[in-house]
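In case you want the letters, here they are:
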Amino acid sequence: MQCITSLGIHKSSMQKIADRAEINSSLIVHYFKDRPQLLEAVYTHIYQLMDAEIRWRVKAAGSPMAKAIAICDAQVCDDILRREVVVTWVALFALIPELPSLARLDYIYAKRLRSNLVHHLQTGGVERSNALQVADEISLLIDGLWLRKAADANLDGDQLRKTVSDYLIQNLPSSA
């Protein structure tokens, strides 16, 4: 992630990544047969970071609505909004049309996020069709915020979290 952040995705060769990690490039080739496989591992790592953050926050939340908010907050928490994470995610996300393995991972993660949000929203009393719509919109909002954060490191994380939680609260039916 450091190499991608400082050099860009296309200049981050396996050799340059090995140099940055202060290891022999043959060690990278031993674990990853090619660059796409290495990039897939980095993408997976980003999603594992988010998954761990989500699990921790959801476990600490009480009500179903608090769990839905926790899922959203995890997506824009300070640990996840670190420059190297968002810049790497944006760079890898841009490669999805070229690398089917990244498309598959992104599809799986997006479906899991949607499913978890819908589950907690429905448990909190939101009708399924509304829960699906809100979950889809939240996902798009978060992706957009990540793009903005990658472009502007000075964006305030608190404001991004407030934007997401305000959107969630404003778009829930009043009965929820």
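Quick caveat, the model's predicted, so the values are computed rather than measured.

Novice: Hey, could you run me through the pattern of salt bridges in this one?
Specialist: When charged atoms on two side chains of opposite charge get close, those side chains can pair. Inspection of every chain in the model, using the stated rule, returns 8 salt bridges. As a salt-bridge pair, arginine 104 and glutamate 40 come within 3.2 Å of each other at their nearest N and O atoms. With arginine 104 in helix H7 (residues 100–123) and glutamate 40 in helix H4 (residues 35–60), this pair connects stretches of sequence that are 64 residues apart. In this structure, a network of salt bridges that share partners links the residues Asp78, Asp158 and Arg161.

Novice: Sorry if this is basic, but what is going on with the nonpolar core here?
Specialist: In this structure, Tyr43, Leu92, Leu117, Leu121, Ile138, Trp146 and Leu168 are the most contacted members of the largest nonpolar core, which totals 51 residues. Within the residue set of this core, elements represented by two or more residues are H4, helix H5 (64–75), helix H6 (83–94), H7, helix H8 (128–151) and helix H9 (157–170). It is H8 that contributes the most residues to this core, 9 residues altogether. Excluding residues within four positions of it along the chain, isoleucine 138 makes contact with Cys72, Leu117, Val164, Tyr167 and Leu168.

Novice: Would you mind showing me how to read the packing of H8 against H9 here?
Specialist: In a packed pair of helices, the relevant descriptors are the angle between the two axes and the axis-to-axis distance. Look at H8 against H9: their axes get within 10 Å of each other, and the N-to-C directions meet at 165°. It follows that H8 is roughly antiparallel to H9 by the angle criterion. Between H8 and H9 lies a crossing whose hand is right-handed. Of H9, the residues touching H8 (which contributes Val134, Glu137, Ile138, Leu141, Ile142, Leu145 and Lys149) are Leu160, Thr163, Val164, Tyr167 and Leu168.

Novice: Would you mind showing me how to read the layout of surface pockets here?
Specialist: A water-sized probe, rolled over the atoms, reveals where empty space remains. Of the volumes computed, that of the largest pocket is approximately 290 Å³. In terms of lining residues, the largest pocket is bounded by 16 residues, among which Met1, Ile17, Ala21, Leu38 and Val42 are the most central. Of all the secondary structure elements, the ones that give two or more residues to the lining of the largest pocket are helix H1 (2–7), helix H2 (14–21), helix H3 (25–31) and H4. It is H4 that contributes the most residues to the lining of the largest pocket, 4 residues altogether. Split by residue class, the lining of the largest pocket holds 13 nonpolar, 2 polar and 1 charged.

Novice: Before we go on, may I ask you to explain empty space enclosed by the protein in this structure?
Specialist: Tallying each qualifying case throughout the model produces 1 cavity of 30 Å³ or more. Counted as a void, the largest cavity has a volume near 40 Å³. In this structure, the largest cavity is lined by Asp51, Ile54, Ile71, Tyr109, Arg112, Leu113 and Asn116. Elements with a contribution of two residues or more to the lining of the largest cavity: H4 and H7. Classifying every residue of the lining of the largest cavity by side-chain character gives 4 nonpolar, 1 polar and 2 charged.

Thresholds applied
Residues numbered from 1 in each chain as written. Predicted model: local features only at pLDDT ≥ 70, side-chain atom pairs only at ≥ 80, totals over all residues. Heavy atoms only, no water. Salt bridge = Lys/Arg side-chain N within 4 Å of Asp/Glu carboxyl O. Helix = DSSP H or I, 4+ residues; strand = E, 2+ residues; numbered from the N terminus. Core = buried A, V, L, I, M, F, W, Y, C linked by side-chain atoms within 4.5 Å. Buried < 20%, exposed > 50% of the residue type's maximum accessible area, 1.4 Å probe, protein only. Contact = heavy atoms within 4.5 Å. Axes fitted to C-alpha atoms, helices over the stretch in contact; angles between N-to-C directions. Parallel < 35°, antiparallel > 145°, perpendicular 65-115°, else oblique. Left-handed = near helix turned anticlockwise from the far one by under 90°. 1 Å grid on protein atoms, 1.4 Å probe; cavity = no way out; pocket = protein on both sides within 12 Å on 5 of 7 lines; lining within 4 Å. Points joined across faces, edges and corners; volume = space filled by probe spheres on them. Nonpolar A, V, L, I, M, F, W, Y, C, P; charged D, E, K, R; others polar.

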